[in-house]
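Structural description and commentary
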Amino acid sequence: MATQFKENTVIVVFGASGDLAKKKTFPALFGLYREGYLSSSTKIYGYARSQMTSEELHDRIKGHFKTTTEESKQKVEEFLKLVSYISGPYDKAEGFKTLNESIEAFEQERGVKEPHRLFYLALPPSVFITVAKELKENVYASNGITRIIVEKPFGRDLETATELQKQLSPLFTEEEIYRIDHYLGKELVKNLFVLRFGNQILNSSWNKESIKSIQISFKEPFGTEGRGGYFDDIGIIRDVMQNHLLQVLTLLTMDRPASFDPESIRDEKVKVLKAMAPIDKKDIIIGQYTKSLDGSKPAYVDDETVKPGSKAVTFAAMTLHIENERWDGVPIVMRAGKALNEGKVEVRIQYKQVAKGIFEDMPPNELVIRIQPNEAVYIKLNAKTPGLATTSQISDLDLTYSKRYQQFWIPEAYESLIKNALEGDHSNFVRDDELDVSWKLFTPFLNYLESPEGPSPELYPYGSRGPEELKQYLADHGYIFTGPGKYQWPVTRPQENL
Ligand code: NDP
Ligand code: BG6
């Protein structure tokens, strides 16, 4: 059985009637309970404006819980007993006072001396500060521990992010704030640390001397259907690149921290972000999806919630350069798109080719870290084709999680992060100065794209690989595409050897 948390913890999910709470936050809390990481002495509240009973909240959320065994099914009812719902406004003290009375009654009944309260703000940014103020005024545990988890977006540019921080910092200390970027909770993203610094074979070649190019790609097979209203003012760059992919990039390129101390890790992340050159506005591809070739899938602008003639970017590719000893001259291509041919998030590190001479056309080694789906790490290596022939072929060292780790529980990102917040571990959360540097990097670029001189997105069909120019763009930034034909997985024996 896993170690349990502090007893009698109180968790409040604000925005409990919303999509995120239903699909991610409550299922993550259940997951932690199911695995023994949340004590049955915990009290969980859902809070939102909608009128609803606790039972109605239970009915909304329980369908999203993961239950693979009989035992886990039984845990659902046990868990739901811990969850109550309180309805109240976000901008008036009344609901917060009711919430506080209920929490205090609970803590008194349990004889709690030092309250431990975690507030999860699964809310739109428009009400975020209002709620934080009411919380501080009415529900803050001054004689114990209060922590607040904040969801993205943390602003839409440098100015708004700075303003948000200015309003938040008098209310809660940096120690109390947990800015969640759920990519930091993904198993393979967390593994970057161990893979890089725990393997000398990788550690020693993790630099410009050995690596030719890096790609970080995010592909989704669906469009913004139904979410166009939200997405239209945001675009893919703010939605996933400035946050999720940039986090992956910093973990991938930072230097080794001096210790496991969260601040030591976050210091290294900030350092590498500061070494990034401004993004070259001319060296980008932006796109927007149009109808699928067979006409069955809609164009982005067909969404009724999207402004007519919208230039919102649903695909982008850009190249980042880190100007330090380790990375100078290595192009790092970040690309992200909605409505593409598949769903996949991966990192592709392509090594330099071996010296010519006897190995004229030897394909480069490639290390692929597939974050999702089907977590895997594989390295493409050249090996002699078995048999009498002297030819070589691309083979791989393959760590496919579903094969290697069948007996393991791979936590959902939110499970892992909520556990960290409950323990007061900041390593996998975004620090204020980190946010500041990342917005400094992206704001000039976004301002240009959204100015009258900004280019129009290139149209690409729903279900395609993205804009036509992508293939050439990747080649121009050092990526050698070896397939299809040269590499197959799993490897089949060539005909001549059968
Ligand atoms: P792919 O052949 O799928 O892709 C290699 C790279 O080339 C990607 O960056 C891809 O971009 C790009 N690419 C794909 N098609 C084209 C194209 N027509 N023109 C230009 N670029 C292209 O990956 P791998 O070679 O790494 O692996 C081959 C297959 O084997 C994959 O399906 C992989 O998942 C699988 N495999 C699975 C393993 C496992 O599960 N453990 C282990 C090893 C391999 P884009 O992503 O945009 O298509
Ligand atoms: C969210 C974005 O932050 O991340 C979504 O707003 C995106 O547009 C999602 O689909 C991707 O997360 P995941 O975990 O499904 O890869």
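Counting starts from 1 at the beginning of each chain's written sequence and moves along it residue by residue. Lettering of chains starts at A and numbering of ligands starts at 1, both following the order in which they are written. Local features in a predicted model are, by the rule used here, given only for residues with pLDDT of at least 70; side-chain atom pairs are given and counted only at 80 or more, and totals for whole chains, interfaces and linings are based on all residues. The side-chain values count all of the structure's non-hydrogen atoms but skip hydrogen atoms and water molecules.

**Things to note about the overall build of the chain**
The secondary structure listing takes helices from DSSP runs of H or I that are at least 4 residues long and strands from runs of E that are at least 2 residues long, numbered from the N terminus. Counting its secondary structure elements, the chain contains 15 helices and 15 strands. Our radius of gyration looks at C-alpha atoms and nothing else; its globule reference is 2.2 Å times the residue count to the power 0.38. In terms of overall dimensions, the chain is globule-like: its C-alpha atoms have a radius of gyration of 24 Å, near the 23 Å expected for 498 residues. Burial status follows relative accessibility: with a 1.4 Å probe on protein chains alone, a residue under 20% of its type maximum counts as buried, one over 50% as exposed, and anything between as partly exposed. For the chain, buried positions account for 55% of its 498 residues. Should any heavy atoms of two residues lie within 4.5 Å, those residues are counted as being in contact. At a minimum sequence separation of 6, the contacts of the chain that also span at least 24 residues come to 78%. Averaging the coordinates of the 63 positive side-chain charges in the chain and doing the same for the 71 negative ones gives two points 3 Å apart. Positive residues here are Lys and Arg, negative ones are Asp and Glu, while His and the chain termini are left out of the count. Every charge is mapped to an atom, namely NZ of Lys, CZ of Arg, CG of Asp or CD of Glu.

**Brief notes about the site of ligand 1**
By convention in these notes, a residue is near a molecule or strand provided one of its non-hydrogen atoms lies within 4 Å of it. The local shell around ligand 1 holds 18 residues, among which Arg335, Arg370, Tyr378, Lys380 and Thr400 are the closest. Side-chain atoms alone can form a polar contact between residues adjacent in sequence; in general such a contact is a pair of N or O atoms within 3.5 Å, and within protein one must be able to donate a hydrogen while the other accepts it. Here an oxygen atom of ligand 1 sits 2.8 Å away from a polar atom, N or O, in the side chain of Lys344. At 2.3 Å, a side-chain N or O of Thr400 approaches a nitrogen atom of ligand 1. When the free accessible area of ligand 1 is taken as 870 Å², the share hidden by the protein chains comes to 79%. In this analysis the probe radius is 1.4 Å and the grid spacing 1 Å, with only protein atoms considered; a cavity is a set of points the probe fits into but cannot get out of, a pocket is an open set with protein on both sides within 12 Å along at least five of seven lines, and lining residues have an atom within 4 Å of a point. To qualify as sitting in a cavity or pocket, a molecule needs more than half of its atoms within 2 Å of the grid points. In a pocket analysis with a 2 Å cut-off to the grid points, ligand 1 is assigned to the second largest pocket. Only strand 7 (211-219), strand 11 (344-351), strand 13 (376-384) and strand 14 (392-400) provide two or more residues apiece to the shell around ligand 1. The leading source of residues in the shell around ligand 1 is strand 13, at 3 residues. Polarity classes work like this: nonpolar for Ala, Val, Leu, Ile, Met, Phe, Trp, Tyr, Cys and Pro, charged for Asp, Glu, Lys and Arg, and polar for all others, with Gly in that last group. Among the residues making up the shell around ligand 1, the classes are represented as 6 nonpolar, 2 polar and 10 charged. Using a 1.4 Å probe, the Shrake-Rupley method yields the accessible areas, and only the shown protein chains count as cover for residues.

**Considering the UniProt feature "domain: Glucose-6-phosphate dehydrogenase C-terminal" (unreviewed entry) in the chain**
In this structure's numbering, the residues bearing the UniProt feature "domain: Glucose-6-phosphate dehydrogenase C-terminal" (unreviewed entry) are residues 194-479. In residues 194-479, the share of helix is 29% and the share of strand is 23%. The end C-alpha atoms are 25 Å apart. UniProt positions are given in the numbering used here, feature names are shortened, and annotations may be inferred rather than shown by experiment.

**Some words on helix 6 (residues 158-168)**
What helix 6 keeps buried is the set Ala161, Leu164, Gln165 and Leu168. The buried residues of helix 6 occupy an angular sector of 95° when the element is viewed end-on, so they sit on one face. Exposed residues pointing more than 90 degrees away from the buried face of helix 6 are listed as Glu159 and Lys166. Elements that come into contact with the buried residues of helix 6 comprise helix 5 (125-138), strand 6 (177-179) and helix 14 (432-449). Arc definition: it is the arc formed by the directions from the helix axis to the C-beta atoms.

**A few points about the nonpolar core**
Here, nonpolar core means buried Ala, Val, Leu, Ile, Met, Phe, Trp, Tyr and Cys residues that are tied together by side-chain atoms lying within 4.5 Å of each other. Counting 145 residues, the largest nonpolar core has Phe14 and Phe26 as its most contacted members. Here this core gets 10 residues from one element, more than from any other, and that element is helix 10 (residues 235-253). Counting 5 residues, the second-largest nonpolar core is a separate cluster that includes Ala376, Tyr378, Ile394 and Tyr487.

**Some thoughts on the site of ligand 2**
In the vicinity of ligand 2, the contacting residues are Lys152, His182, Tyr183, Lys186, Phe218, Glu220, Arg227, Tyr230, Asp239, His244, Lys338 and Gln372. A distance of 2.4 Å separates an oxygen atom of ligand 2 from a polar side-chain atom of Tyr183. In isolation ligand 2 has 390 Å² of accessible area, and contact with the protein removes 80% of it. Partitioning the shell around ligand 2 into residue classes produces 3 nonpolar, 3 polar and 6 charged.

**Some points on helix 11 (residues 262-274)**
A helix is expected to reach a length of 1.5 Å times the quantity of its residues less one. Over its 13 residues, helix 11 runs 18 Å from end to end, which matches the ideal 18 Å to within 8%, given 1.5 Å per residue. Listed in full, the buried residues belonging to helix 11 are Pro262, Ser264, Ile265, Arg266, Glu268, Lys269, Val270, Val272 and Leu273. At its buried positions, helix 11 is contacted by helix 7 (187-197), helix 10 and helix 14.

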